[in-house]
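This is what each chain is made of:
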Amino acid sequence: MITHTVGLSIAPNSSNESGVAVREIATNKIIYMDKLFSMNDIELFFNNYNNLKNSIICVSLPWDNTMLEGKWRVLSKPYQLIHEHGNFLNRDNWMQRFSTRGSELLSNLSEQGIEIYRYEIYLSRQKLNLYSNYKEHSSADCKFLQSALRLDYGLDELPSNMIPAAQLEALVGTIVAEKKLNLQTEKIFEFKGLDVINVS
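What counts and how
- Residues numbered from 1 in each chain as written.
- Predicted model: local features only at pLDDT ≥ 70, side-chain atom pairs only at ≥ 80, totals over all residues.
- Heavy atoms only, no water.
- Helix = DSSP H or I, 4+ residues; strand = E, 2+ residues; numbered from the N terminus.
- Salt bridge = Lys/Arg side-chain N within 4 Å of Asp/Glu carboxyl O.
- Buried < 20%, exposed > 50% of the residue type's maximum accessible area, 1.4 Å probe, protein only.
- Arc of directions from axis to C-beta.
- Contact = heavy atoms within 4.5 Å.
- Core = buried A, V, L, I, M, F, W, Y, C linked by side-chain atoms within 4.5 Å.
- Pairing = 2+ DSSP bridges.
- Axes fitted to C-alpha atoms, helices over the stretch in contact; angles between N-to-C directions.
- Polar contact = N/O pair within 3.5 Å; in protein donor to acceptor, adjacent residues only side chain to side chain.

Account for the overall build of the protein chain, naming residues and giving values.
A tally of helices and strands in the protein chain yields six helices and seven strands. Along the protein chain, helices (α) and strands (β) appear in the sequence β-β-β-α-β-α-α-β-α-α-α-β-β when read from the amino end.

Listed below in structure tokens is the structure:
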């Protein structure tokens, strides 16, 4: 029986912080929140997490921030539609929007029978009415997200002082996981063998 939701916001590399959050479904309380950096930290969390079999896990898709070279910078990954024109060559893997960081670990967990999904943080924030007009990961954006989670989703135990953006995004993952349990999500695509879901 699923008793907990786990949200994991993975950063594109180990120099940026990743966040993890665990919520208990019955009480809607946050059980655990932490910052992680390396894949070893993330693997250690899953190895030491006792309720793995009784949890549904949602892991974010990190953007692939690989620096583009020369003329490919002009095409600029986030703004160019994939496969819009057949004459674009996928040199240096520039069409890859999302990083594959952590995909092997997540596939191993899935093979062990753990219920695990991916989510796209920006699409999920829009569907959950958690999207702000501020620059992403700015202090104003973090403050908005923290206040919205406290007021709209009943996470009263969130402190008034600032929480890192990665942990807040992990909390969004726990909400998406709960929506999945309530059959309020839809599959939008598949990434490295795992379904990417969004709130319907």
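I'd like a rundown of the pattern of salt bridges, residues and numbers included.
Per the stated rule, a full pass over the model turns up five salt bridges. Lys187 is the salt-bridge partner of Glu190, the closest N and O atoms lying 3.3 Å from each other.

Help me get a handle on helix H3 (residues 103-111), residues and values and all.
Of all the residues in H3, the buried ones are Ser103, Leu105, Leu106 and Leu109. Along H3, the residues classed as buried sweep out an arc of 160° about the axis, all on the same side. Set apart from the buried face of H3 by more than 90 degrees, the exposed residues are Glu104 and Glu111. Packed against the buried residues of H3 are helix H1 (39-48), strand E4 (55-60), strand E5 (115-119), strand E6 (185-191) and strand E7 (194-199). Of the residues flanking the end of H3, it is Gly113, one or two places downstream, whose phi is positive at about 95°.

I'd love a proper account of the nonpolar core, names of residues and values included.
Formed by 27 residues in total, the largest nonpolar core has its most connected members in Leu149, Leu171, Val172 and Val176. Secondary structure elements with two or more residues in this core: E4, E5, helix H4 (121-127), helix H5 (139-152), helix H6 (165-181) and E7. With eight residues, H6 is the single largest residue contributor to this core. Within the second largest apolar cluster, 19 residues are counted, among which are Val6, Leu36, Phe46 and Ile114.

With reference to specific residues and values, describe H1.
Among the residues of H1, those classed as buried are Ile42, Phe45 and Phe46. Buried residues of H1, viewed axially, fall in a sector of 90°; they line one side. Across H1 from its buried face, at more than 90 degrees, point the exposed residues Asn40, Asn47 and Asn48. On its buried face, H1 is in contact with strand E1 (4-9), strand E2 (18-24), strand E3 (29-36), E4 and H3.

Give a detailed account of the sheet that holds E3, specifying residues and quantitative values.
Sheet architecture is open: seven strands sit in the order E3-E2-E1-E4-E5-E7-E6, paired in mixed fashion. Every interior strand has two partners, whereas the edge strands, E3 and E6, have only one. Ignoring which end each strand starts from, the neighbouring axes of this sheet average 25° apart. Strands in contact with H1 are E1, E2, E3 and E4; relative to E3, the strand with the most contacts, it is inclined by about 150°.

So what's going on with the pairing of E4? Which residues, and what values?
Put simply, side chains in a regular strand alternate between the two faces of the sheet. Burial analysis of E4 places six of its six residues in the buried class, which makes it a mostly covered element. In the sheet, E1 pairs with E4 via five bridges, with the strands oriented parallel. Looking at E4, one finds that Gly7 is bridged to Cys58. Pairing analysis gives five bridges linking E4 to E5, with the strands arranged parallel. The residue bridging Ser60 from the neighbouring strand is Tyr119, located in E5.

If you had to explain the side chain of Ser60 to someone new, which residues and values would you point to?
Along the chain, Ser60 falls in strand E4. Among the polar contacts made by the side chain of Ser60, one reaches the main-chain amide nitrogen of Ile10 at a distance of 3.0 Å. Beyond its immediate stretch of four places on either side in the chain, Ser60 contacts Leu8, Ser9, Ile10, Arg118 and Tyr119.

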